[in-house]
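# Architecture at a glance
Listed here are the chains, written in short residue letters.
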Amino acid sequence: MTDSPRGMEGSENRIRKLVKTAIPAGLLAGMVAVVGCGGGGGSSTAAKAPAPVKQSSSAASGKLVTAQGTAGVIGPAGRVTANSQQFDDKTGKISPQANHRPGAGKKGGVSAGDSCSDRDLAPSDADIDQLNAAILCLVNGERTDNGGLPQLAQSSELAQAASGMCQRMTAEHFFSHDTPDGKSVVDRIQPTGYIPGGGDWVVGENLAWGSGALSTPQAIVNGWMNSPGHRANILAPDYKDIGLASCMGAPLADRTDGTVYVNNFGAKAGADVNAVLPEHGQASSGTNAAAASTVAGTKKTATSRTKAKRRARCARRASHLKTHHARVAARRRCRHL
């Protein structure tokens, strides 16, 4: 699986722009009280300097929620079978109101989280297990509410691949399904032993990053559920397993805050060969539409694979440079090939 023909540099530039525009929105949201998923009210008093981010448990009770000085971005979504590769490489901002749980049945939001603990947990290194458990609970809640789909079981192999990807994203600063050395989602999952030697297997991947109130499990799953490609992955009927990872840090070199989330989906058999990922911005409703809308784009995949190989060769040459500064500068140039 690969990123778009624009390459990884396109993904990085898009997320950089999204983060820059998301932060002022978060600051503005911090000055108003947000009621429900789409309403809010202002005050006639003079605006005060933004207060530090506060993580409130009131999201669970439907009371007022604020998002102050926060940003959140959903990354690409991808799905791969033995015979096809599909991707939606568009990135998008997570709404400043995404840390609020809409009422049950609210379209495009988490609606089955009543029993999910830690859904509004502020991430920290000490709470990684709780974050992953909350994401799993919310994802399975969405599957229950959308056609009674089978619950996803945790897979240690998929979790191993997700964790490795998460750590690389924060250490090497990229936001793409392909790593800087050209490793695709299949390349990363295959060494774990999850993918069988033949048959109708399937794997998929969702990526996201958030800071402040938009880094909670609630906000991340809300963001994914409002993106057709990510939603299709969460609601794919043929997925049976999931591997979850979250790690502190950012996929951009000029940021160190926030939390990266990686979900790897899969099934060792029983892949639906007709299922496709909707493109970003394309409507999707219900389980069937989530799994049946757009073709993968073989030409784009081939072009992007060529660029990924070129970047990988460049990265290998860069690793042989003598000084750390030269290696870092060369790797950055490689991303723009």
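Basis of the calculations
- Residues numbered from 1 in each chain as written.
- Predicted model: local features only at pLDDT ≥ 70, side-chain atom pairs only at ≥ 80, totals over all residues.
- Heavy atoms only, no water.
- Helix = DSSP H or I, 4+ residues; strand = E, 2+ residues; numbered from the N terminus.
- Buried < 20%, exposed > 50% of the residue type's maximum accessible area, 1.4 Å probe, protein only.
- Expected span 1.5 Å × (residues − 1).
- Contact = heavy atoms within 4.5 Å.
- Phe/Tyr/Trp six-rings, centres within 6.5 Å; stacked < 30°, edge-to-face > 60°.
- Salt bridge = Lys/Arg side-chain N within 4 Å of Asp/Glu carboxyl O.
- Disulfide = S-S within 2.5 Å.
- Core = buried A, V, L, I, M, F, W, Y, C linked by side-chain atoms within 4.5 Å.

### Describing the overall build of the protein
Along its length, the protein carries nine helices and nine strands. Sorting the 337 residues of the protein into buried and exposed places 53% on the buried side.

### Digging into helix α2 (residues 128–145)
Here α2 contains 18 residues, and its C-alpha end-to-end distance of 26 Å stays within 8% of the 26 Å for a straight helix at 1.5 Å per residue. Restricting attention to buried positions, one finds in α2 the residues Ile 128, Leu 131, Asn 132, Ala 134, Ile 135, Leu 136, Leu 138, Val 139, Asn 140, Gly 141, Glu 142 and Arg 143. On the buried face of α2, the contacting elements are β6 (153–154), α5 (217–225), α6 (228–234), β8 (241–248) and β9 (259–267). Within two residues after α2, Gly 147 carries a phi angle of roughly 95°, on the positive side.

### With respect to the packing of aromatic side chains
What the rule picks out here adds up to one aromatic pair. Residues Tyr 239 and Phe 265 carry aromatic rings whose centres are separated by 5.2 Å and whose planes lie at 15° to one another, so their mutual orientation is stacked. Linking Tyr 239 in the loop between α6 and β8 with Phe 265 in strand β9, this pair joins segments that are 26 residues apart in sequence. For Tyr 239, a relative accessible area of 1% puts it in the buried group.

### Here we look at the pattern of salt bridges
Counting across every chain of the model gives five salt bridges. For the salt bridge of Asp 238 with Arg 79, the shortest nitrogen-to-oxygen distance reads 2.6 Å. Remark: Arg 79 occurs in strand β3 (residues 71–81) and Asp 238 occurs in the loop between α6 and β8; sequence separation between them is 159 residues. Residue Arg 79 is classed as buried on the basis of its relative accessible area of 3%. Put simply, Arg 168 and Asp 181 hold a salt bridge, and the shortest N to O gap is 3.2 Å.

### Structural notes on the state of the cysteines
Applying the stated criterion across every chain, the model contains two disulfides. Each sulfur of the disulfide joining Cys 116 and Cys 137 lies 2.0 Å from the other. The sign of the S-S torsion, about -85°, decides the handedness of the disulfide formed by Cys 116 and Cys 137: left-handed. Taken together, the residues Cys 116 in the loop between β5 (92–93) and α2 and Cys 137 in helix α2 connect sequence positions 21 residues apart. With a relative accessible area of 3%, Cys 116 lands in the buried category. Looking at Cys 137, the relative accessible area reads 27%, which means it is partly exposed. Each sulfur of the disulfide joining Cys 166 and Cys 247 lies 2.0 Å from the other. With the S-S bond torsion at -110°, the cross-link from Cys 166 to Cys 247 turns out left-handed.

### Notes on the nonpolar core
Core analysis: the largest hydrophobic core is formed by 30 residues, its most contacted members being Ile 135, Ile 220, Val 221, Trp 224 and Ile 234. A per-element tally of this core places α2 first, with six residues. Apart from residues no more than four positions distant in its own chain, Ile 135 is found in contact with Pro 217, Ile 220, Val 221, Trp 224, Leu 244, Tyr 261 and Asn 263. Listed in part, the 15 residues of the second largest apolar core include Phe 174, Phe 175, Val 260 and Val 262.

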